[in-house]
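# Examination of the molecular architecture
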Amino acid sequence: MCLAVPLKLTKIDGNDAIGELDGIQRRIRVDLLREPKVGEYVIAHAGFAIERLREEQALENLKAIEEMAHAMGG
């Protein structure tokens, strides 16, 4: 199963970018976004940023993921 997760863009080089979550960095592509900017939050799935998120929404989503992980014993 694949899960789309919020990542904060920390570096952009053309259509290649680095997204970060809890200190973990992932290489992603930003081809599907118009004018992505460092500092923005995106939803990443299968190595692609597929949508921008407002910071408040990204933080809410991350909190929900954390709560679900704790509920499952993780």
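Residues numbered from 1 in each chain as written. Predicted model: local features only at pLDDT ≥ 70, side-chain atom pairs only at ≥ 80, totals over all residues. Heavy atoms only, no water.

## Considerations on the pairing of strand β5 (residues 48-53)
Pairing of strand β4 (residues 41-45) with β5 involves five bridges; the strand directions are antiparallel. What sits directly across from alanine 44, in β5, is alanine 49. Counted along the chain from β4 to the antiparallel partner β5, the turn is two residues long, and its residue alanine 46 has a positive phi close to 55°. (Pairing = 2+ DSSP bridges. Helix = DSSP H or I, 4+ residues; strand = E, 2+ residues; numbered from the N terminus.)

## Brief notes about the pattern of salt bridges
Summed over all chains, the structure comprises four salt bridges. Note that aspartate 31 and arginine 29 form a salt bridge whose closest N and O atoms lie 2.8 Å from each other. Overall, aspartate 31 belongs to the partly exposed group, its relative accessible area being 35%. A relative accessible area of 30% places arginine 29 in the partly exposed class. A salt bridge links glutamate 56 to arginine 54, with the shortest nitrogen-to-oxygen separation between them at 3.5 Å. By relative accessible area, which is 55% here, arginine 54 ends up exposed. Because the salt bridges share partners, they merge into one network encompassing Asp16, Arg29 and Asp31. (Salt bridge = Lys/Arg side-chain N within 4 Å of Asp/Glu carboxyl O. Buried < 20%, exposed > 50% of the residue type's maximum accessible area, 1.4 Å probe, protein only.)

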